[in-house]
Amino acid sequence: AGGGYEGWLKYSLIEDAGMREAYAEKCSRLAVVGDSPVMASARRELKLALSGLLGIVPEESELPDRGPLLVAGVPDRSQLFEPLAAAGDLSGLGEEGYVIESSSDGRVYLAGLTDRAVLYAVFGFIRLLQNGEDLEEIRIRETPANGLRMLNHWDNLDGSVERGYAGKSLFFNNGEITDDLERIEDYARLLASCGINAAAINNVNVHKQETLLITDAYLPEVSRIAAIFRSCGIRLFLSVNYASPMEIGGLNTADPLNADVAAWWKSAVGNVYRHIPDFGGFLVKADSEFRPGPFTYGRNHADGANLLADALAPFGGLVVWRCFVYNCLQDWRDRSTDRARAAYDHFMPLDGDFRDNVLLQIKNGPMDFQVREPVSPLLGGMKRTNQLLELQITQEYTGQQRHLCYLVPQWKEVIEFDTRARGEGSLVARVVDGSLFGRRLGGMAAVANVGDAPNWTGHLLAQANLYGYARLAWNPGLSSEEIAREWVRMTFGRDWEAERVILQMLLDSYNIYEAYTAPLGVGWMVNPDHHYGPNVDGYEYAKWGTYHYADRDGIGVDRTVATGTGFAGQYHSPNSERYESRESCPDELLLFFHHVPYKHRLNSGKTVIQHIYDSRFEGAERAAELLTLWESIGERIDEELYGQVRQRLLHQREHACEWRDILNTYFYRKSGIADEHGRMIY
Ligand code: GCU
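Residues numbered from 1 in each chain as written. Predicted model: local features only at pLDDT ≥ 70, side-chain atom pairs only at ≥ 80, totals over all residues. Heavy atoms only, no water.

By the naming in an unreviewed UniProt entry, the protein is Xylan alpha-1,2-glucuronidase, taken from Cohnella boryungensis. Per its UniProt entry, the protein bears the Subunit (unreviewed entry) comment "Homodimer." Quoted verbatim from the Sequence similarities (unreviewed entry) field of the UniProt record, the comment on the protein reads "Belongs to the glycosyl hydrolase 67 family." (UniProt positions renumbered as here; feature names shortened; annotations may be inferred.)

Okay, here's the thing in structure tokens:
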């Protein structure tokens, strides 16, 4: 351990002796009621935290006598909870909600209606201690906003991780399931501590060997991971290959309307549940980037998803079906096809055709996890379909965990976007939690950023993105700053100066990253394939539908209804009108929706070209300041952790200059317009 391995569950002794003693008094006796695997996790975690944070080993007691007592459990299982049950209404907590309450006789209750809820209460309580909260007269009631709070791991059986920037897979190694189950246990603790309740462990691109994960070749081993997850309240999902009936079932078709195909999936699913009784379900990437799907048979995505849904339904399993469907063999000469339109064009006509146990997983933007994109119009477009918001924690386009980029501010903008689907207040948060359209299922999924790196995420500060995603999925109302502050305190302890500086670094980092990379929402100015580093024309003549159309006069993609691809018209009013007009389109998305001359004036008052220059210069400068800030707290941070982060910030400083110079030079050469401030452009 060490080197960041404990993550935010680093239970170091609280330095403030007064506070520590006050806590210790409350926690000197402990009763954890129940002994299921989940309750065993809860008990173990509490004891670990109390011994680390407070330096105490609480006496375990279930005697209903008076005096301080920390009680954790499901209330109707012990009379210890009688005062709590009498005092408050626990109904409405659902399966995952919990209460933390103190009573006048010195007890603190950590309670919920299920073992999983109690585990969340325990982690919630530990978080209070780590954050130095007052325990007197405490009354906390928490229920998660989103039913599904999921991670997608893009891990392959050979141990590689697609778009992984933190080492190799936690789950697979050399064609086998890992035998480092201890590490999976620690991972499951980290996830449970912030409320993740579902995880797909293999890549959505399901290759040959991975197709076998749903068979006896791997299920006995997969079930060991599922058991660890189960003890932390997490349901395991697998990504499946749509062509499985052919590739491993010996059939000559995978047509969703074929009876043999349906029978094959039923039996395959039955077998999965024999091994993993609480199996979550399938995650599916179909008809996308060369993956097989229902289109081959002239069927649509509802046919495709419903086939699997019917096989899973008897067991309570779910189908998470991705909407990342577009033509990836486009011709750059073809100006009429717009990739941004694709998900909406494919899925809107199917609204209402999906089974109740299907969730459509929709990427936050219409393209592909660029630094800045508008929100996908499909979110809030569909009204009769369960929707799951897909975010990307792994920093594919946001600095690959070599640059600091705290993504919670980006995600907050997404979930607070008002789709106007049902008038004002129709936020994405309410679309995906199911409340806006009265859907029973919904939530969030995100591509994980972890691997076998000693500190899980490569960049230590990228742990804040994993933590932040999970906290946001639990409670979208938390602010970026609240989440960051929790994470900093839990990770670095309570040192005000360090906290102030790290918070500033985190909270500014997304804007800084945006400032020196592709401007004004245009995206894609990266090197092909690996997507790291500047390359303005890297995707300009590609088949992927990813263009910026910069010429000597101007730049941007005309996606208006009047003169462009019509994408702006996929939004509800008044968003559609807002994006349609150059004047009302927000500056940061201008080039996503409009092709404009370099001298076009932004709402900020600057011309586009001057904005490009100014923000690249400023972005690179601010990237350098991140390093200065970090160095200013060097003596307050564990030496090893300090060094890890410093290395990355040094690289970021240098690489931000590379971005600045390549972008500025490119646009100076294209436009011939000089920087108003005469700064160095090569
Ligand atoms: C991006 C990413 C791919 C990934 C795909 C997806 O295109 O670069 O690696 O497979 O998204 O989300 O399916």
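Q: Before we go on, may I ask you to explain the overall build of the protein in this structure?
A: Of the regular secondary structure elements, the protein holds 19 helices and 18 strands. Against the compact-globule benchmark of 26 Å for 682 residues, the protein has a radius of gyration of 26 Å, which places it among compact chains. When the 682 residues of the protein are sorted by exposure, 63% land in the buried category. Put simply, of all contacts in the protein between residues at least 6 apart along the chain, 72% involve residues at least 24 apart. When the accessible surface of the protein is summed, it comes to about 24,900 Å², and 47% of that surface belongs to carbon and sulfur atoms. (Helix = DSSP H or I, 4+ residues; strand = E, 2+ residues; numbered from the N terminus. Rg over C-alpha atoms; globule rule 2.2 N^0.38 Å. Buried < 20%, exposed > 50% of the residue type's maximum accessible area, 1.4 Å probe, protein only. Contact = heavy atoms within 4.5 Å. Areas by Shrake-Rupley, 256 points an atom, 1.4 Å probe, with all protein chains shown as cover.)

Q: Looking at this structure, how should I read the confidence of the model for the protein?
A: Low pLDDT marks regions whose predicted coordinates should not be analysed in detail. The pLDDT averaged across the protein works out to 97; a share of 100% of its residues lies at or above 70. In the predicted assembly, ipTM is 0.99 and pTM is 0.98. (pLDDT = per-residue confidence, 0-100.)

Q: Just checking my understanding: could you explain the UniProt feature "domain: Glycosyl hydrolase family 67 C-terminal" (unreviewed entry) in the protein for this structure?
A: The residues that UniProt annotates with the feature "domain: Glycosyl hydrolase family 67 C-terminal" (unreviewed entry) are residues 457-679. For residues 457-679, the helix share is 51%, the strand share is 2%, and the end-to-end C-alpha distance is 37 Å.

Q: How should the sheet that holds strand β4 (residues 98-102) be read in this particular structure?
A: Pairing within the open sheet is mixed, and its 6 strands lie in the order β2-β1-β3-β5-β4-β6. In this open sheet, the two edge strands, each paired with only one partner strand, are β2 (59-60) and β6 (139-142). Seen against the sheet, helix α2 (residues 37-54) touches β1 (29-32), β2, β3 (69-73) and β5 (107-112) and runs at an angle of roughly 165 degrees to β1. (Pairing = 2+ DSSP bridges. Axes fitted to C-alpha atoms, helices over the stretch in contact; angles between N-to-C directions.)

Q: Can you help me understand the pairing of β3 in this one?
A: Regular strands place their side chains on alternate faces of the sheet. Of all 5 residues in β3, 5 are buried, a share of seventy percent or more. Neither face of β3 is left uncovered, since the one carrying Leu 69, Val 71 and Gly 73 and the one carrying Leu 70 and Ala 72 both have all their residues buried. Across 3 bridges, β1 lies against β3 in parallel orientation. Residue pairing for β3: Val 32 is matched across the bridge by Ala 72.

Q: Could you clarify how one ought to interpret the pattern of salt bridges in this entry?
A: Side chains bearing opposite charge may pair, as long as their charged atoms lie close to each other. Inspection of every chain in the model, using the stated rule, returns 38 salt bridges. Here Arg 660 makes a salt bridge to Asp 661, at a shortest N to O gap of 2.8 Å. Under the relative-accessibility criterion, Arg 660 is labelled buried at 18%. On the basis of relative accessibility, which here comes to 17%, the residue Asp 661 falls in the buried class. Put simply, Glu 95, Glu 96, Arg 116 and Arg 149 are held in one network by salt bridges that share partners. (Salt bridge = Lys/Arg side-chain N within 4 Å of Asp/Glu carboxyl O.)

Q: Would you mind going over the sheet that holds strand β13 (residues 318-322) with me for this structure?
A: Two orientations exist for strands paired in a sheet by backbone hydrogen bonds: parallel and antiparallel. The sheet built from 8 strands closes into a barrel, its strands ordered β7-β10-β11-β12-β13-β14-β15-β16 with parallel pairing. Geometrically, the sheet is characterised by an average inter-axis angle of 25 degrees between neighbouring strands, direction not taken into account. Two elements, strand β14 (residues 358-363) and strand β15 (residues 387-392), share 4 bridges in a ladder whose sense is parallel. Bridging across to β15, Gln 361 finds its partner in Leu 388. Along the sheet, helix α9 (residues 301-312) makes contact with β11 (235-240), β12 (281-284), β13 and β14, crossing β13 at roughly 160 degrees.

Q: Would you mind going over the side chain of Gln 387 with me for this structure?
A: Within the secondary structure layout, Gln 387 lies in strand β15. Within the structure, Gln 387 has its side chain in polar contact with the backbone oxygen of Met 382 (distance 2.8 Å). In contact with Gln 387, other than residues within four places in its own chain, are Leu 360, Ile 362, Leu 378, Leu 379, Gly 380, Met 382, Val 431, Val 432, Leu 441, Gly 442 and Gly 443. (Polar contact = N/O pair within 3.5 Å; in protein donor to acceptor, adjacent residues only side chain to side chain.)

Q: What is the right way to look at the UniProt feature "domain: Glycosyl hydrolase family 67 catalytic" (unreviewed entry) in the protein in this model?
A: The residues that UniProt annotates with the feature "domain: Glycosyl hydrolase family 67 catalytic" (unreviewed entry) are residues 129-456. With 24% helix and 15% strand, the stretch residues 129-456 has end C-alpha atoms that lie 24 Å from each other.

Q: Looking at this model, I keep getting lost on the environment of Ile 177. Mind explaining?
A: Summarising the element assignment, Ile 177 is placed in strand β9 (residues 176-177). With relative accessibility at 7%, the residue Ile 177 sits in the buried group. As a C-alpha pair, Ile 177 and Arg 440 span 263 residues in sequence and 34 Å in three-dimensional space. With sequence-adjacent residues up to four places away left out, Ile 177 is seen in contact with Phe 171, Phe 172, Leu 213, Tyr 218, Glu 221, Val 222 and Ile 225.

Q: Is there a simple way to think about the nonpolar core in this case?
A: Counting residues in hydrophobic clusters, the biggest one holds 224 residues, and the most contacted among them are Phe 125, Trp 321 and Phe 667. Sort the elements by how many residues they give to this core and helix α18 (residues 608-632) lands first, with 11 residues. Residue contacts for Phe 667: discarding those within four places in its chain leaves Met 525, Val 536, Ala 550, Ile 555, Tyr 598, Ile 609, Ile 612, Tyr 613 and Gly 672. Counting 12 residues, the second largest nonpolar core, distinct from the first, contains Leu 69, Leu 90, Tyr 109 and Ala 111. (Core = buried A, V, L, I, M, F, W, Y, C linked by side-chain atoms within 4.5 Å.)

Q: What exactly am I supposed to notice about the site of the ligand here?
A: Around the ligand lies a shell of 13 residues, among which Glu 162, Lys 285, Arg 322, Asp 368 and Glu 396 are the nearest. A distance of 2.6 Å separates an oxygen atom of the ligand from a polar atom in the side chain of Lys 285. With respect to the ligand, the side chain of Glu 396 contributes an N or O atom lying 2.6 Å from an oxygen atom. Considering only residue class, the shell around the ligand consists of 3 nonpolar, 2 polar and 8 charged. (Near = heavy atom within 4 Å. Nonpolar A, V, L, I, M, F, W, Y, C, P; charged D, E, K, R; others polar.)

Q: Would you mind going over the packing of helix α13 (residues 463-474) against helix α14 (residues 480-492) with me for this structure?
A: Angle between the axes and distance between the axes are the two parameters that describe a pair of packed helices. Where α13 meets α14, the closest approach of the two axes is 10 Å, and the angle between their N-to-C directions is 130 degrees. As the angle between them shows, α13 and α14 are arranged oblique. Note on packing geometry: the crossing formed by α13 with α14 is right-handed. For the pair α13 and α14, contact is made by Gln 463, Ala 464, Tyr 467, Gly 468, Arg 471 and Leu 472 and by Ile 483, Glu 486, Trp 487, Met 490 and Thr 491, respectively. Here the residues of the contact of α13 with α14 are counted per class, giving 6 nonpolar, 3 polar and 2 charged. (Parallel < 35°, antiparallel > 145°, perpendicular 65-115°, else oblique. Left-handed = near helix turned anticlockwise from the far one by under 90°.)

Q: Looking at this structure, I do not really get α9. What am I missing?
A: Side chains that are three or four residues apart share a direction in an α-helix, a result of its 3.6 residues per turn. Under the 1.5 Å per step criterion, the end-to-end length of α9 is 17 Å for 12 residues, consistent within 8% with the ideal 16 Å. For α9, the tally of buried residues reaches 10 of 12 residues, placing the bulk of the element in the interior. Within α9, burial applies to His 301, Ala 302, Gly 304, Ala 305, Asn 306, Leu 307, Leu 308, Ala 309, Ala 311 and Leu 312. The inward-facing, buried residues of α9 abut β11, α8 (259-275), β12, β13, α10 (342-347) and β14. Among the residues of α9, the N-terminal cap falls to Asn 300, whose side-chain oxygen and the backbone nitrogen of Ala 302 are separated by 2.9 Å. (Expected span 1.5 Å × (residues − 1).)

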